[in-house]
Amino acid sequence: MNTGLKITAFAAAVAATFGTAYGVGKGVGPVTDRTPAAQHHEEAAQHDEEKGAGHGEETAPGGLQISERGYTLDLRTSRIEAARRDTLRFAVVKDSTGGNVTAYEKEHDKELHLIVASRDLTTYRHLHPTRAADGTWSTPVELPEAGGYRVFADFRPEGAKEGLTLGADLAVAGDSEPKKLPAPSTTAKVDGYDVTLKGELKTGAGGDLTLNVAKNGKPVTDLQPYLGAYGHLVALRSGDLAYLHVHPNGEPGDGRTKAGPGVSFMATAPSAGAYRLFLDFKHEGKVRTAAFTVHAGGGEHGEKEDGGGHAEKDGRGHAEKDGGGHGAKSDGHQH
């Protein structure tokens, strides 16, 4: 072998050796004294920072992820018994530190809104948990039927520009038989009230939804403020339970928003399909929840409701004195 060939062969061997060493180093990873838990939180935080750095990705609907934008929902009660009062405990963890979040910005009069819904969307609870000094949240809860549930924490950490919604699964033990999604309807009856939905839930540019409240055939014009508005609306997509926290158009005391009978919201659906709407409203000192099933269409040419305009046979809804949580099913309510 001549000198040129020997040098070339030697260089190739050296390159192969260093290439193998580099590959082993990448496979093994760096040596670190960090604990696996701390490393997980740091990696999650780094992933969320990269995700939010602006790569042209569309924002996913709320509630589909247990971790997002550097925060994780730690549901410490993952299983309860059906038709039995229990305590639900959880915390919001900051991934970069592994510690519980203890400071929040108030939105709609609360630091955090907690929603619990069954996978078949026939049971709904809007709860008001209390926070301990260490950042642990707790609330009493009683769910009437066994099956799979989703827990949503809607909040904005102190100093954050925007809020976020995290979700986690909750198992309710007992005999379970999932129900069909209630038929589409533009009217709902709850505790002697009739609530009528006008407008269509649309994708794209979205649109206005107006819910009119009447009692004994007469429009209600003295709704009471609840969570900083005359109504609080949550929309959940059938199937994956994607969460839409819809904000009202106007608020009490702004000089233009009336106390009923209509409560107006601007809403945009992330996709076409079936959704369940839950409206909380307060009248005569009680908070009630009216529930509707609707189908969202695309943009300006959204699908029209099929079978709209009829009341739900079971009159799903719930009334209670303000203070605890409330839900859209007449049994298993909280106080």
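Please read all numbers here as calculations on a predicted model, not as lab measurements.

A. Structural context of the overall build of the protein. The number of helices and strands found in the protein is two helices and 22 strands. By the burial criterion, 44% of the 335 residues in the protein qualify as buried. Of the contacts formed within the protein by residues at least 6 apart in sequence, a portion of 67% connects residues at least 24 apart. As presented, the protein carries roughly 16700 Å² of accessible surface, and 51% of it is formed by carbon and sulfur atoms.

B. Looking closely at the side chain of Arg237. Inspection of the secondary structure assignment puts Arg237 in strand 16 (residues 232-237). You can call Arg237 buried: its relative accessible area is 13%. For Arg237, the residues in contact, after removing those within four places along its chain, are Pro61, Leu64, Leu121, Ala242, Pro270, Ser271, Ala274 and Tyr275.

C. Looking closely at the packing of aromatic side chains. This structure, assessed with the given rule, holds seven aromatic pairs. Ring centres of Phe90 and Trp137 lie 6.2 Å apart, and the angle between their planes is 5 degrees; this geometry places the pair in the stacked category. Taken together, the positions of Phe90 in strand 4 (residues 86-94) and Trp137 in strand 9 (residues 136-141) put the pair 47 residues apart, joining distant regions of the chain. Judged on exposure class, the residue Phe90 and its partner Trp137 are both buried. Ring centres 5.6 Å apart and planes at 65 degrees place the aromatic pair Tyr193 and Phe281 in the edge-to-face group. Highlighted residues: Tyr193 in strand 13 (residues 193-198) and Phe281 in strand 19 (residues 273-283), separated in sequence by 88 residues. Taking the relative accessible area as the measure of exposure, Tyr193 reaches 1% and is therefore buried. For Phe281, a relative accessible area of 0% puts it in the buried group. Through pairs of rings, three or more aromatic residues link up here, namely Tyr71, Phe90, Tyr104, Trp137 and Phe155.

D. Molecular detail of the nonpolar core. Membership of the largest hydrophobic core comes to 29 residues, with the highest contact counts inside it found for Val195, Leu201, Leu211, Leu233, Leu277, Phe281 and Phe292. Excluding residues within four positions of it along the chain, Phe281 makes contact with Val190, Tyr193, Val195, Val213, Leu223, Tyr230, Lys286, Val287, Arg288 and Ala290. In this structure, Leu73, Val92, Leu114 and Leu166 belong to the second largest nonpolar core, which totals 25 residues.

E. Structural view of the pattern of salt bridges. Under the definition given, this model contains 11 salt bridges. Of the charged contacts, one joins Lys179 and Glu145 as a salt bridge, the two residues approaching to 2.6 Å between their closest N and O atoms. Of the two residues, Lys179 is situated in the loop between strand 11 (164-173) and strand 12 (187-190) and Glu145 in the loop between strand 9 and strand 10 (147-155); the sequence distance between them amounts to 34 residues. Relative accessible area serves as the criterion here: at 23%, Glu145 is assigned to the partly exposed category.

F. Spatial organisation of the environment of Thr72. With respect to the helices and strands, Thr72 occurs in strand 2 (residues 71-75). With 95 residues separating them in the primary sequence, Thr72 and Gly167 have C-alpha atoms 9.1 Å apart. If we skip the residues at most four places from it in the chain, Thr72 touches Ile66, Ser67, Ala91, Val92, Val93, Asp95 and Leu166. A polar contact of 2.7 Å, which involves the side chain of Thr72, links it to the side chain of Asp95.

G. Looking closely at the environment of Leu164. Inspection of the secondary structure assignment puts Leu164 in strand 11. Owing to a relative accessible area of 5%, Leu164 belongs among the buried residues under this scheme. Taking C-alpha positions, Leu164 is 8.1 Å from Glu68, a pair spaced 96 residues apart along the chain. If we skip the residues at most four places from it in the chain, Leu164 touches Glu68, Arg69, Ala153, Asp154, Phe155 and Pro157.

H. Examining the pairing of strand 13 more closely. A one-sided burial pattern is seen for strand 13, the buried positions being Tyr193, Val195 and Leu197 and the unburied ones Asp194, Thr196 and Lys198. Sheet topology note: the strand 12/strand 13 ladder contains four bridges and is antiparallel. By the bridge assignment, Thr187 is partnered in strand 13 with Thr196. Count of turn residues in the strand 12/strand 13 antiparallel hairpin: two residues, of which Asp191 carries a positive phi of about 55 degrees. Taken together, the six bridges between strand 13 and strand 14 (residues 207-215) define a ladder with antiparallel strand orientation. In the strand pairing of strand 14, Leu197 is matched with Leu211.

I. Focus on the pairing of strand 18 (residues 262-267). By the alternation rule, side chains of strand 18 split into Val263, Phe265 and Ala267, which are all buried, and Gly262, Ser264 and Met266, of which none is buried. Bridge count for strand 14 against strand 18 is six bridges, and the pairing is antiparallel. The partner of Leu209 across the bridge, within strand 18, is Phe265.

Analysis parameters
Residues numbered from 1 in each chain as written. Predicted model: local features only at pLDDT ≥ 70, side-chain atom pairs only at ≥ 80, totals over all residues. Heavy atoms only, no water. Helix = DSSP H or I, 4+ residues; strand = E, 2+ residues; numbered from the N terminus. Buried < 20%, exposed > 50% of the residue type's maximum accessible area, 1.4 Å probe, protein only. Contact = heavy atoms within 4.5 Å. Areas by Shrake-Rupley, 256 points an atom, 1.4 Å probe, with all protein chains shown as cover. Phe/Tyr/Trp six-rings, centres within 6.5 Å; stacked < 30°, edge-to-face > 60°. Core = buried A, V, L, I, M, F, W, Y, C linked by side-chain atoms within 4.5 Å. Salt bridge = Lys/Arg side-chain N within 4 Å of Asp/Glu carboxyl O. Polar contact = N/O pair within 3.5 Å; in protein donor to acceptor, adjacent residues only side chain to side chain. Pairing = 2+ DSSP bridges.

No statement about biological role is implied by the geometric values presented.
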